[in-house]
Amino acid sequence: MAALDGLPPLRDVIQRHGLDAKKALGQNFLLDLNITQKVARTAGDLTNATVFEVGPGPGGLTRALLALGAKKVIAVERDSRCLPALAEVADHYPGRLEVIEGDALKVDFEAIAPEGPIKIVANLPYNVGTQLLVNWLTPRQWPPFWQSMTLMFQKEVGERIVAQADDDHYGRLGVLCGWLTQAHMAFDLSPQAFTPPPKVTSTVVHLTPRPEPLPCDLAKLEKVTQTAFGQRRKMLRASLKPIGGEALLNRADIDPARRAETLSVEEFCRIANLI
């Protein structure tokens, strides 16, 4: 991409600014610009979209998003060491990159979302990725402020996001994502794609919101899934005993001898709606 956008190679940027990845911040820099372009392309047409990015680091994915036509990128970066490198990208794309210094967990993305289509595209820091996803899945209103999310996680987390009933990875996160979105794993990335290489394979997950999810109260659904998967190897009559057990399941027309991982999203919603 250096030839595409005229900016220096990322390894040169990192060396010049002394940007060694910090484990405490969950940083693993993605330096292969062919891969960052692949991630950006997975988000679809960017030409009229504002893109929220978290943890841009030296700006590899940021550059790909801008080079592929994003109208604007709003990047949240906690590490102040990365700001000078990102400023160079902003200078190269005048008026199209806004950098917010701060903790993404404390940013109200919904409040700062501009008009027009919004996509979230990020190589998320491993230590906060799941919490950020849950935050974006539970906005103040639905449909949400975002049109799609294209996010990089540890592969194990990605498998939990897309898992469905009777899958070993199926759990609370899979129910939440299945209720509210259509999600699929786009492609995997080997540890060698990153600097420093993590100990696990990563994966890119693409999520789009369901226009009309099954009617259900989020707090009640979370209570049901937390209780059911808290003792996932037990029959539901036992695991759900604290919230109604067999009587509740009979009202929902669900066999009390089943286990949590066999229930569909619709069945979890059915139970939640009876609490």
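Per chain, the residues get numbers from 1 upward, laid out in the order the sequence is written. In keeping with the model being predicted, local features are shown solely for residues with a pLDDT of at least 70 and side-chain atom pairs are shown and tallied solely at 80 or more, while totals for entire chains, interfaces and linings include all residues. Computation of side-chain values: all heavy atoms of the structure, hydrogens and water removed.

## With respect to helix α9 (residues 172–180)
Argument step 1. In terms of residue burial, α9 counts as a mostly covered element, since 7 of its 9 residues are buried.
Argument step 2. Residues of α9 that are buried make contact with α7 (129–137), α8 (155–162), β7 (181–189), β9 (202–209), α10 (218–230) and α13 (265–272). Each residue's exposure class comes from its accessible area (1.4 Å probe, protein chains only) as a fraction of the maximum for that residue type: buried when under 20%, exposed when over 50%, partly exposed otherwise. Numbering of helices and strands starts at the N terminus; helices are DSSP runs of H or I of at least 4 residues and strands are runs of E of at least 2. Any two residues whose heavy atoms approach within 4.5 Å at even a single point are treated as in contact.

## Comments concerning the environment of Gln-15
Argument step 1. With respect to the helices and strands, the residue Gln-15 is situated in helix α2 (residues 10–17).
Argument step 2. Once the C-alpha coordinates of Gln-15 and Tyr-170 are considered, the two residues, 155 residues apart in sequence, prove to be 42 Å apart.

## Let's talk about the domain arrangement of the protein chain
Argument step 1. Each assigned domain of the protein chain is listed with its residue range as follows: domain 1 (10–209) and domain 2 (218–273).
Argument step 2. With 12 residues of domain 1 at the interface, the matching set in domain 2 holds 14 residues.
Argument step 3. Put simply, buried area is how much 1.4 Å-probe accessible surface two parts lose in total, over both of them, once they are put together. Interface area for domain 1 against domain 2, summed over the two sides, is near 1,100 Å², with a carbon-plus-sulfur share of 68%.
Argument step 4. A per-residue breakdown of the area domain 1 buries against domain 2 is headed by Tyr-170, Arg-172 and Trp-179, which together make up 51% of the total.
Argument step 5. When a carboxyl oxygen of Asp or Glu is within 4 Å of a side-chain nitrogen of Lys or Arg, the pair counts as a salt bridge. Counting every contact that joins domain 1 to domain 2 gives 0 salt bridges. Note that the domain bounds reflect an automated or database-derived domain assignment.

## A word on α10
Argument step 1. Over its 13 residues, α10 extends 18 Å from the first C-alpha to the last, a length consistent with the 18 Å expected when each residue adds 1.5 Å.
Argument step 2. All buried positions along α10 are accounted for by Leu-221, Val-224, Thr-225, Thr-227, Ala-228 and Phe-229.
Argument step 3. Elements that come into contact with the buried residues of α10 comprise α9, α11 (236–239) and α13.
Argument step 4. The backbone nitrogen of Ala-219 lies 3.2 Å from a side-chain oxygen of the residue at the head of α10, namely Asp-217. To estimate the expected span of a helix, count its residues, drop one, and scale the result by 1.5 Å. Pairs of N or O atoms within 3.5 Å make up the polar contacts considered here, provided that, within protein, one atom can donate a hydrogen while the other can accept it, and that residues adjacent in sequence are counted only when both atoms are side-chain atoms.

## Things to note about the packing of helix α3 (residues 33–42) against helix α4 (residues 60–67)
Argument step 1. Contact geometry of α3 with α4 gives a least axis separation of 8 Å together with a crossing angle of 55 degrees. Overall, the two elements α3 and α4 adopt an arrangement that is oblique. In the packing of α3 onto α4, the handedness of the crossing is right-handed. Touching Leu-33, Thr-36, Gln-37, Val-39 and Ala-40 of α3 are Gly-60, Leu-61, Arg-63, Ala-64 and Leu-65, all from α4.
Argument step 2. Side-chain classes follow a simple rule in which Ala, Val, Leu, Ile, Met, Phe, Trp, Tyr, Cys and Pro form the nonpolar group, Asp, Glu, Lys and Arg form the charged group, and the remainder, Gly included, forms the polar group. Per-class residue counts for the contact of α3 with α4 are 6 nonpolar, 3 polar and 1 charged. Axis definition: a line fitted to C-alpha atoms, over the contacting stretch in the case of helices. Angles run 0 to 180 degrees between N-to-C directions. Orientation categories follow fixed angle ranges, with anything under 35 degrees roughly parallel, anything over 145 roughly antiparallel, 65 to 115 roughly perpendicular, and all other angles oblique. Two helices crossing with the near one rotated counterclockwise from the far one by less than a right angle form a left-handed crossing, whereas a clockwise rotation gives a right-handed crossing.

## Describing the sheet that holds β9
Argument step 1. Strand pairing is assigned whenever DSSP identifies at least 2 bridges connecting the two strands. If you trace the 7 strands from one edge of the open sheet to the other, you get β4-β3-β2-β5-β6-β9-β7, paired in mixed fashion. If you trace the sheet from one side to the other, it starts and ends with β4 (97–101) and β7, each paired once. The average angle at which neighbouring strand axes cross in this sheet is 20 degrees, direction not considered.
Argument step 2. Strand direction decides the pairing type here: strand β3 (residues 72–77) and β4, joined by 5 bridges, are parallel. Its bridge partner lying in β4, Ile-74 is registered against Glu-98.
Argument step 3. Each of β7 and β9 is contacted by α9, which is oriented at about 120 degrees to β7, the strand it contacts most.

## A look at the packing of aromatic side chains
Argument step 1. Only Phe, Tyr and Trp rings take part, Trp by its six-membered ring, and two of them pair if their centres are within 6.5 Å. Stacked means planes under 30 degrees apart, edge-to-face means over 60, and tilted covers everything else. Applying the stated rule across the entire model yields 6 aromatic pairs.
Argument step 2. Centre to centre, the rings of Tyr-170 and Phe-229 are 5.8 Å apart; their planes meet at 90 degrees, and the pair counts as edge-to-face. A residue pair is termed long-range when its members are at least 10 positions apart, and Tyr-170 in the loop between α8 and α9 and Phe-229 in helix α10 qualify at 59 residues. One exposure class covers both Tyr-170 and Phe-229, and it is buried.
Argument step 3. Relative to Phe-268, the ring of Phe-229 lies with its centre 5.5 Å away and its plane at 35 degrees, an arrangement referred to as tilted. With Phe-229 in helix α10 and Phe-268 in helix α13, this pair connects stretches of sequence that are 39 residues apart.
Argument step 4. Grouping aromatic residues by their ring pairs yields a cluster made of Phe-52, Phe-109, Trp-136 and Phe-145.
Argument step 5. Definition used: whenever NZ (Lys) or CZ (Arg) falls within 6 Å of the ring centre and also within 35 degrees of the ring normal, the charge is taken to sit over that ring. A cation over an aromatic ring shows up here: Lys-38 above the ring of Phe-187, its NZ or CZ 4.3 Å from the ring centre.

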